[in-house]
Every structure is written in C-alpha cells, then in structure tokens.
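In case you want the letters, here they are:
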Amino acid sequence: MCIRDSNNRGLIFQDMDKLLQAKKDLDRAIELDINNPVYYENRYSVLFDLKKYQDAQNDLLKVMSLGNSDLDIYAGLALTYDVLNNYAKAAEYYDLVLQKSPKQRMILGNYAYALFELNQIPKSIEMFERAHALDPSEIDVLVGLVVLYHLDGKDAKSEEVITAIKMKTTYSATKNLLDILEKGDYRFTSKFKSVWGKLF
C-alpha cells in the first residue's frame, strides 16, 4: 500500500467514525513519509476526536516544525491547550488567530472562556461581546455573557441576556442548562459551572 492510500484510507475511516482504524492508517502514512505535514495534520484531528489531546498537540507542533503555520494550525493548538487546561497558552494562540482573522465567532468565544479562567473579566467580556455581535443567538456566547456581566457587577445586563436566551434560542436559562449543553458539543469548566449555578 502506498503512502497516499494509507492517508486516504485513514480519512475515510475517520469519516466513518472508525477512529482507531483511521489512526492506524495515518500512523502508517507518517512512517512512510515523516516529513509530510499533511499527514500529521490529518492524524491530529483523529487524535483530538479520540481525546488524546497531548498527542494531538504534538502532531500540530510537528506540523509547525515542518513549515506549516497557517491559522488553522494556530486555532487547533489553541484548542488543544484549552482542553489541557493551559489557558494562558490557549489565550496566546487564540489571540494570534484573531489578529489575522478578527471575525471568527467560535475563536472569540473560546478565547473569552480562556480569559475567564485567567480571571481577565473585562477582556473576557469584550471577546464575548464581539462574538455576540457576529451571532446574537449563539447559546455558549449568551451563557458566557450572563456569567461575566454578573461577575462584573452588571446584573441588569446579565438579566437582559437571560431573557435573550429564552427569546433567541430554544433553551431556557435554568440551573441545569450547562448540563444540557454538555450533552452536545459544548464544554464548561467546573469554575464556570460553579458561577452559573449560583445565579439560580
């Protein structure tokens, strides 16, 4: 089997959600060509889906060492640092992405959450507000604004956002909302959940 076949099969297995088989084929592609950044980038996404975040991060660092440092690589690194609870490094990479592409709602939201973990409340609010301007009905941004406005002593604004959650989304702002969201693609830290829980 040639290198490209291993890479392509790995991507097909990933699409089929057969992640261990995908990883095996991508490992093989890398063994056959250790200097191709595309194979490491492809394996990164499989490793991330497998929740092997440190290995995923190592693959992105390898991609950068091989000369590829586009915005997707920085965004991926930010996300891996984030899930590994290294919020300072995550914030650094989110900031790099936003310097080059300032209107990425997901990056703005993730950056805001990292800043919250670093107790940088005013800057976190600024990022949430920028994300909100891009998508006024995104639930994780609205939830973030509820908590951050409250922490910043702006309870009237926090209450306005609670009302907006009911008006602009299919959710209700309740104590168990974060648990409901985490059943999907959302993730909240225990620190954030603690503040949210105290609001109800």
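For the structure, see preceding data.
Residues numbered from 1 in each chain as written. Predicted model: local features only at pLDDT ≥ 70, side-chain atom pairs only at ≥ 80, totals over all residues. Heavy atoms only, no water.

Some remarks on the overall build of the protein chain
For step 1, the next point in the chain: On a plain count of helices and strands, the protein chain comes out with 12 helices and zero strands.
For step 2, the next point in the chain: Counting only C-alpha atoms and orienting by the principal axes, one finds that the protein chain spans roughly 65 × 30 × 25 Å.
For step 3, the next point in the chain: By the burial criterion, 45% of the 200 residues in the protein chain qualify as buried.
For step 4, the next point in the chain: Taking contacts inside the protein chain between residues at least 6 apart in sequence as the whole, the part at least 24 apart equals 48%.
For step 5, the next point in the chain: Here the protein chain carries 26 positive and 29 negative side-chain charges, and the mean point of each set is 2 Å from the other. (Helix = DSSP H or I, 4+ residues; strand = E, 2+ residues; numbered from the N terminus. Buried < 20%, exposed > 50% of the residue type's maximum accessible area, 1.4 Å probe, protein only. Contact = heavy atoms within 4.5 Å. Lys, Arg positive; Asp, Glu negative; His and termini not counted. Charge placed at Lys NZ, Arg CZ, Asp CG, Glu CD.)

Quick look at the pattern of salt bridges
For step 1, the next point in the chain: Across all of its chains, the model carries 10 salt bridges by this definition.
For step 2, the next point in the chain: Of the charged contacts in the structure, one is a salt bridge between Asp27 and Arg43, with a shortest N-O distance of 2.7 Å. Of the two residues, Asp27 is situated in helix α2 (residues 19-32) and Arg43 in helix α3 (residues 37-49); the sequence distance between them amounts to 16 residues.
For step 3, the next point in the chain: Arg43 gets classed as buried once you look at its relative accessible area, which sits at 16%.
For step 4, the next point in the chain: Residues Asp152 and Lys154 are paired through a salt bridge, measuring 3.1 Å at the closest nitrogen-oxygen approach.
For step 5, the next point in the chain: Note on Lys154: relative accessible area 35%, which makes it partly exposed. (Salt bridge = Lys/Arg side-chain N within 4 Å of Asp/Glu carboxyl O.)

Some remarks on unusual backbone geometry
For step 1, the next point in the chain: For Lys51, which is not glycine, the phi torsion reads 65° and is therefore positive.
For step 2, the next point in the chain: The topology assignment puts Lys51 in the loop between α3 and α4 (53-65).
For step 3, the next point in the chain: Since its relative accessible area comes to 60%, Lys51 is described here as exposed.
For step 4, the next point in the chain: Within the chain, Asn119 stands out as a residue other than glycine whose phi angle is a positive 60°.
For step 5, the next point in the chain: Within the element layout of this structure, Asn119 appears in the loop between α7 (105-117) and α8 (121-134).

Here we look at the packing of α7 against α8
For step 1, the next point in the chain: The geometry of α7 relative to α8 is characterised by a closest axis approach of 8 Å and an angle of 160° between their N-to-C directions. The orientation of α7 relative to α8 falls into the category roughly antiparallel. Remark: the crossing between α7 and α8 carries left-handed chirality. Across the interface between the two elements, Arg105, Leu108, Gly109, Tyr111, Ala112, Tyr113, Leu115 and Phe116 from α7 touch Ile121, Lys123, Ser124, Met127, Phe128, Arg130, Ala131 and Leu134 from α8.
For step 2, the next point in the chain: Partitioned by chemical class, the residues of the contact of α7 with α8 number 11 nonpolar, two polar and three charged. (Axes fitted to C-alpha atoms, helices over the stretch in contact; angles between N-to-C directions. Parallel < 35°, antiparallel > 145°, perpendicular 65-115°, else oblique. Left-handed = near helix turned anticlockwise from the far one by under 90°. Nonpolar A, V, L, I, M, F, W, Y, C, P; charged D, E, K, R; others polar.)

Describing the environment of Met64
For step 1, the next point in the chain: Considering the arrangement of structural elements, one finds Met64 in helix α4.
For step 2, the next point in the chain: Sequence spacing of Met64 and Tyr74 is 10 residues, and the spatial spacing of their C-alpha atoms is 9.1 Å.
For step 3, the next point in the chain: In this structure Met64 touches Ser69, Ile73, Tyr74 and Leu77, once residues within four positions along its chain are discounted.

Things to note about the environment of Val83
For step 1, the next point in the chain: Here Val83 is to be found in helix α5 (residues 71-83).
For step 2, the next point in the chain: Between the alpha carbons of Val83 and Ala114 there is a distance of 10.0 Å; along the sequence they are 31 residues apart.
For step 3, the next point in the chain: When neighbours within four sequence positions are excluded, Val83 is seen to be in contact with Phe48, Tyr53 and Arg187.

Examining the packing of α8 against helix α9 (residues 139-151)
For step 1, the next point in the chain: Interhelical geometry of α8 versus α9 gives an angle of 150° and a closest axis separation of 9 Å. By the angle between their axes, α8 is roughly antiparallel relative to α9. Crossing angle aside, the handedness with which α8 passes α9 is left-handed. Residues Ile121, Ser124, Ile125, Phe128, Glu129, Ala131 and His132 of α8 pack against Asp140, Val141, Leu142, Gly144, Leu145, Leu148, Tyr149 and Leu151 of α9.

Section: the packing of aromatic side chains
For step 1, the next point in the chain: Scanning the model with the defined rule gives 11 aromatic pairs in all.
For step 2, the next point in the chain: Both rings, one in Tyr81 and one in Tyr93, keep their centres 5.7 Å apart while their planes meet at 10°; by these two values the pair is stacked. In this pair, Tyr81 sits in helix α5 while Tyr93 sits in helix α6 (residues 87-100), placing the two residues 12 residues apart along the sequence. Here the two residues Tyr81 and Tyr93 agree in accessibility, since each one is buried.
For step 3, the next point in the chain: A cation over an aromatic ring shows up here: Lys191 above the ring of Phe116, its NZ or CZ 4.9 Å from the ring centre. (Phe/Tyr/Trp six-rings, centres within 6.5 Å; stacked < 30°, edge-to-face > 60°. Lys NZ or Arg CZ within 6 Å of the ring centre and 35° of its normal.)

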